[in-house]
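# A structural walkthrough
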2 protein chains.
Amino acid sequence: MDIVKELSKIVNPGRISTAAAVISQHNHDASYHPEADPDVVVFPENTEEVSAIVAFASEHGVPVTPFGKGSSLEGHAIPYEGGISLDLGLMNDLKAVGDRDGYVVVGAGLTQFQLNDALKKHGLFFSVDPGAEATLGGMAGTNASGSYTVKYGTMRDNILDMEVVLPNGEIIHTGSKAVKSSSGLHLSGIFAGSEGTLGIITELTLRVYPIPEATVAARAVFHDFEEAVTAVVTLRTAGLDLARIEFVDADSVTHVNHFAKTAYIEQPTIFFELNGEVEHLQHQLKRMEELLKPFEVVEFLAETDQAAQERLWDARHNLAYYYIQGAPTKQMLVTDVCLPISELSAAILHARRAVDESGLEAGIVGHVGDGNFHIIAMADFADEKEVAAAKLLHEAVVDYALAHDGTCTGEHGVGVGKKRYQSREHGTAYDLMRTIKHAIDPHGIMNPGKLID
Amino acid sequence: MDIVKELSKIVNPGRISTAAAVISQHNHDASYHPEADPDVVVFPENTEEVSAIVAFASEHGVPVTPFGKGSSLEGHAIPYEGGISLDLGLMNDLKAVGDRDGYVVVGAGLTQFQLNDALKKHGLFFSVDPGAEATLGGMAGTNASGSYTVKYGTMRDNILDMEVVLPNGEIIHTGSKAVKSSSGLHLSGIFAGSEGTLGIITELTLRVYPIPEATVAARAVFHDFEEAVTAVVTLRTAGLDLARIEFVDADSVTHVNHFAKTAYIEQPTIFFELNGEVEHLQHQLKRMEELLKPFEVVEFLAETDQAAQERLWDARHNLAYYYIQGAPTKQMLVTDVCLPISELSAAILHARRAVDESGLEAGIVGHVGDGNFHIIAMADFADEKEVAAAKLLHEAVVDYALAHDGTCTGEHGVGVGKKRYQSREHGTAYDLMRTIKHAIDPHGIMNPGKLID
């Protein structure tokens, strides 16, 4: 069977490609996972085309792997079994803005940056920011989150409805525009985070929020991170309304200073953001300083100036980039465990020891308000010893998280990189996941090899 | 087969009953739906017993209907196909309080009132309050919500993990104690709101929050409810942090005055609650009064005194009770649609007209911040004309909601009462729900006749 010829009956041939350049754009993502070529890349323009493509693929047992911006850190978009790479980039419309209700309707191929640019004039913003330029469909697929999650929730928390094409080509809606519902089984919940293994998300209705009147960024430097984490717990249990709480370890600050030519104190640092009304912020900031008094804070700095705030956040945002820059011959491996916050300082201490033992260049950063932290480790994947060290490090960190009520992935998803931990993490529930996957995708054509075997 | 004899091999015979009094306690709930007797009532003490009971039931095709406090408004706990009524009332332990993390682990039979009583000494509270004394397992089963949902979310939003006994007797966990995760399919989402049709929830890990420093209750009386709803939208889009926003229509206020011997102005009224730090509350209250200035507010009253606040909320809480008291020979039917808030005033206007046309005694109340409102209608279920009028009213209100991006049930669940709207609301997605139900419960023993056919 000539797939290209068959697909040409469904979509304009100009949107079907087997050109080497296009194939190689779709054979990798932002992770260290090995490349794999799709047989063909298709760029549908609307849901009906997606439905026809998937129905065709289903009939002929052709694997379908959805592709957004290729920003995955776990190989989600890599078509390991070949077949169709379904690039949703053309389905990037902002279809509706519900100003009064606080929602938007978007095509799955729209990115979070594009959405936020378009929302500015409405005085609204979308809260989930995984850092990278990712599509909203992809972010729903992995249940992405980010620095604002501590206040505004994960991707799943912000989905009201999705349009999804099922493996048989049927088009469903998983929710409605009502902000809550007790009607039917909650399909939005199960499709968010299903990583393209149950169907293709083509459209999303997402919650958006009024842009806060003002923001304040603050930075607190601590002698050690146990003190830092305890301080965060204190602020949280005092009911302080923090919009972001980001941890950066001493090694990472050293990296920032080197590459950004800054002169931050090279000790564990927490970056905070507060947002809301000006008067409220001043009061909260005052309370924050009071609550931090019992702690040995080496330095505390608050910035209300927008440009100064941005410089402060740049240090955090560019960190992965600095690590990559510092080791141009190596590849980046990022761990992603999440634990109850009461387990966090011991977990980070354990992780730091594991990093030291590994001998790898690595920094630890984290969304500490959520109990989620990352080791950004650089390893030469052509060097067997470094690969083994990276693997051992990853195992050690995941083992620790699973033994302490945590999860192997807080926000990056399973893909191919965390699949080997699924059975250990979920136990008998993993069998149930398999049952659901098999019931919805009996031929196993949807993003095969990811999440569920 | 002698079910009682077989069950006696699993649980102590003292916890198995076919006594008329016990059967009749388990043949109804708080709704107008007809009674139906279980063959036997069993009171398991732990998850292992539930597992053994369900495995036995599965093997012999015996229906299992979970029972909490019987507070359902849609017949969830009524065993229409007989079999086992599984009363989880003995599994009511508060097993753990994670003070630093903000979670509790509870048996499914614990009620929300019991939980909140026990949490007081920890300075914590559980936010989901459907009004009635309901078990937390039952509340998870229907994805219950209530007046605090506008700030703290629904039951589903507050579940970190559940222990569930599957139809085959297997015990799974649907999540973990990490506050976010991208690992595996999101089973907590699909089991919350599954109404006992996929398995029996035996234990829950729930989010809890620090008790706020202070609360203020406020009451604003408006000339008409369109003005009232517009005012709510204005407050919300201004970013005001409201903990409760409850609407009560003029007829309902009249009912309150009559039964509670109060003298409230008999016009559409919004009850608000703000919570947080004292200083912040004062500022918010000032902003609220400013934001309400352009509206024709007949009366605005704020109460910081705890007892006065409780009196204010009593009026709202006792409303259903007053309607029942006012029509002792009749039964209460409560509708439960939820729409985008921009559709709400037209929906309530439509509902008021439908009530007037029905000739039934009825009030309209609502969680307007969520777009969820209820008609509390009293009808004589022995009178065919009144039954027909009640049915017509219900249909009209649901039709309107479904035609305006809404849902047939915002918080009460489907049970038997909303099943006939499921296909209309969910379209092809209802087939997928059936597929999932069949994959998990192939013999259809779990709460048969509810939610999914």
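Here the residue numbering is sequential within each chain, running from 1 through the sequence in written order. Working convention: letters from A go to chains and numbers from 1 go to ligands, in the order in which they are written. For this predicted model, a pLDDT threshold of at least 70 governs which residues receive local features, and a threshold of 80 or more governs which side-chain atom pairs are given and counted, while totals over whole chains, interfaces and linings are taken from all residues. The side-chain numbers reported here are obtained from all heavy atoms of the structure, hydrogens and water having been left aside.

### A look at the overall build of chain A
Helix and strand assignments follow DSSP, with helices taken as H or I runs no shorter than four residues and strands as E runs no shorter than two, numbered in order from the N terminus. Within chain A, the secondary structure is distributed over 16 helices and 18 strands. Relative to the globule expectation of 22 Å for 453 residues, the C-alpha radius of gyration of chain A, 22 Å, shows essentially globular dimensions. Across its three principal axes, chain A shows a C-alpha extent of roughly 70 × 55 × 45 Å. Burial classes follow relative accessibility: with a 1.4 Å probe on protein chains only, a residue under 20% of its type's maximum area counts as buried, one over 50% as exposed, and anything between as partly exposed. Looking at chain A as a whole, 61% of its 453 residues are labelled buried. Any two residues whose heavy atoms approach within 4.5 Å at even a single point are treated as in contact. Taking all contacts inside chain A whose residues are at least 6 apart in sequence as the whole, residues at least 24 apart take part in 72%. Surface accessibility in these figures is a Shrake-Rupley result with a 1.4 Å probe; residues are shielded only by whichever protein chains are displayed. Summed over all atoms, the accessible surface of chain A reaches about 16100 Å², with 49% contributed by carbon and sulfur. The positive count covers Lys and Arg only, the negative count covers Asp and Glu only, and His and the chain ends enter neither. Note on charges: their place is set at NZ of Lys, CZ of Arg, CG of Asp or CD of Glu. Put simply, chain A has 34 plus and 63 minus side-chain charges, and the middle of one group is 2 Å from the middle of the other. Radius of gyration: over C-alpha atoms. The globule rule applied is 2.2 Å multiplied by the number of residues raised to the 0.38 power.

### Section: the packing of helix 9 (residues 250-260) of chain A against helix 12 (residues 319-326) of chain A
All names here are of chain A. For helices, the axis comes from a line fit to the C-alpha atoms of the stretch in contact; other axes are also lines fit to C-alpha atoms, and the angle between any two N-to-C directions lies between 0 and 180 degrees. The geometry of helix 9 relative to helix 12 is characterised by a closest axis approach of 9 Å and an angle of 75 degrees between their N-to-C directions. The angle between the axes of helix 9 and helix 12 places the two elements in the roughly perpendicular class. Seen from helix 9, the contacting residues are Asp 251, Ser 252, His 255, Val 256, Phe 259 and Ala 260; seen from helix 12, they are Leu 319, Tyr 322, Tyr 323, Gln 325 and Gly 326. The labels follow the angle: roughly parallel below 35 degrees, roughly antiparallel above 145, roughly perpendicular from 65 to 115, and oblique for the rest.

### Some words on the pairing of strand 17 (residues 361-367) of chain B
Residue and element names in this part refer to chain B. The buried fraction of strand 17 amounts to 6 of the 7 residues, a majority that puts the element mostly inside the structure. When DSSP finds two or more bridges between a pair of strands, those strands are recorded as paired. Judged from the 3 bridges that link them, strand 13 (residues 242-248) and strand 17 form a sheet pairing that is antiparallel. Bridge pairing in strand 17 links Glu 246 to His 367. Of the strand pairs in this sheet, strand 17 and strand 18 (residues 372-379) are connected by 7 bridges, and their pairing is antiparallel. Following the sheet pairing, Gly 366 is matched in strand 18 by Phe 373. Counted along the chain from strand 17 to the antiparallel partner strand 18, the turn is 4 residues long, and its residue Gly 371 has a positive phi close to 80 degrees.

### Considering the domain arrangement of chain A
Residue and element names in this part refer to chain A. Here chain A is partitioned into domain 1 (3-87), domain 2 (94-210) and domain 3 (215-403). Domain 1 and domain 2 are separated by 22 Å when their C-alpha centres are compared. At the interface, 14 residues of domain 1 touch 17 residues of domain 2. Looking at the side of domain 1 facing domain 2, the largest losses of area belong to Thr 47, Lys 69 and His 76, adding up to 41% of the total buried there. One side-chain nitrogen of Lys or Arg within 4 Å of one carboxyl oxygen of Asp or Glu is enough to make a salt bridge. The interface formed by domain 1 and domain 2 includes 0 salt bridges. Think of a polar contact as two N or O atoms within 3.5 Å of one another; within protein, one of them needs to be a possible hydrogen donor and the other a possible acceptor, and neighboring residues in sequence only count if both atoms come from side chains. The tally of links from domain 1 across to domain 2 stands at 4 residue pairs in polar contact (both at pLDDT 80 or more). For the domains described, the bounds stem from an automatic or database domain assignment. Here the buried area means the combined drop in accessible surface, using a 1.4 Å probe, for two parts upon being joined, counting both sides.

### Some remarks on the interface of chain A and chain B
Taken residue by residue, the interface counts 76 residues in chain A and 76 residues in chain B. Between chain A and chain B, the buried area comes to about 6000 Å², and carbon and sulfur atoms account for 58% of it. If you sort the residues of chain A by the area they bury against chain B, Arg100(A), Lys180(A) and Leu185(A) come out on top, with a joint share of 15%. Salt-bridge contacts for Lys180(A) lead to Asp370(B); the nearest nitrogen and oxygen are separated by 3.7 Å. For the side of chain A that touches chain B, the secondary-structure elements that each account for two or more residues are strand 9 (171-173), helix 7 (187-191), helix 8 (225-237), helix 10 (278-292), helix 15 (422-426) and helix 16 (428-440) of chain A. Broken down by element, the residue count for the side of chain A that touches chain B peaks at 8 residues, all from helix 16 of chain A. Class assignment for the residues of the side of chain A that touches chain B results in 26 nonpolar, 34 polar and 16 charged. In this classification, Asp, Glu, Lys and Arg are treated as charged, Ala, Val, Leu, Ile, Met, Phe, Trp, Tyr, Cys and Pro as nonpolar, and every other residue, Gly included, as polar.

### Regarding the relation of the copies chain A and chain B
Least-squares fitting of chain A to chain B yields an RMSD of 0.0 Å, with the transformation described by 0.0 Å of translation along the axis and a rotation of 180 degrees. Here the two chains are linked by the operation of a two-fold rotation axis. Every residue of chain A has its C-alpha some distance from the rotation axis, and the shortest such distance is that of Gly189(A), at 2.5 Å. With an isologous cut-off of 70% or more, the 100% of interface residues of chain A that recur at the interface of chain B puts this contact in the isologous class. For this overlay, a least-squares fit was computed on C-alpha atoms, restricted to residues scoring pLDDT of at least 70 in both copies.

### Observations concerning the UniProt feature "domain: FAD-binding PCMH-type" (unreviewed entry) in chain A
UniProt positions are given in the numbering used here, feature names are shortened, and annotations may be inferred rather than shown by experiment. Per the UniProt record, the feature "domain: FAD-binding PCMH-type" (unreviewed entry) sits at residues 34-211 of chain A. Spanning residues 34-211 of chain A, this segment combines 21% helix with 24% strand, and its end C-alpha atoms are found 40 Å apart.

### Comments concerning unusual backbone geometry
At Asp405(A), a position not held by glycine, the phi torsion is positive, near 65 degrees. As for its position among the elements, Asp405(A) is in the loop between helix 14 (384-403) and helix 15. A positive phi angle, close to 50 degrees, is found at Asn143(B), a residue other than glycine. Along the polypeptide, Asn143(B) turns up in the loop between helix 5 (136-141) and helix 6 (149-152).

### Observations concerning the environment of Ser345(B)
Residues and elements named next belong to chain B. Secondary-structure assignment places Ser 345 in helix 13 (residues 344-358). The class for Ser 345 is buried, based on a relative accessible area of 13%. Considering only alpha carbons, one finds Ser 345 and Val 368, 23 residues apart in sequence, at a separation of 9.5 Å. Once residues within four sequence positions are removed from consideration, Ser 345 is found in contact with Phe 225, Glu 226 and Val 229.

### Remarks on the side chain of Thr407(B)
Along the chain, Thr407(B) falls in the loop between helix 14 (384-403) and helix 15 (422-426). We classify Thr407(B) as buried; its relative accessible area is 0%. Side chain to side chain, Thr407(B) and Glu425(B) meet in a polar contact 2.7 Å long. Apart from residues lying up to four places away in sequence, Thr407(B) is in contact with Ser176(A), Ala178(A), Lys180(A), Ser181(A), Ser183(A), Val337(B), Cys338(B), Ala401(B), Leu402(B) and Glu425(B).

### Let's talk about the pattern of salt bridges
Inspection of the entire model under this criterion finds 46 salt bridges over all chains. A salt bridge links Glu49(A) to Arg15(A); its shortest N-O distance comes to 2.8 Å. Here Glu49(A) is found in helix 3 (residues 47-60), whereas its partner Arg15(A) is found in the loop between helix 1 (3-8) and strand 1 (16-17), with 34 residues between them in sequence. There is no split in this pair, since Glu49(A) and Arg15(A) are both buried. Note that Arg420(B) is salt-bridged to Glu395(B), the shortest N-O span being 3.0 Å. In this pair, Arg420(B) is assigned in the loop between helix 14 and helix 15 and Glu395(B) in helix 14, connecting sequence segments 25 residues apart. Through salt bridges with shared partners, a single ionic network connects Asp249(A), Asp251(A), Arg352(A) and Asp356(A).

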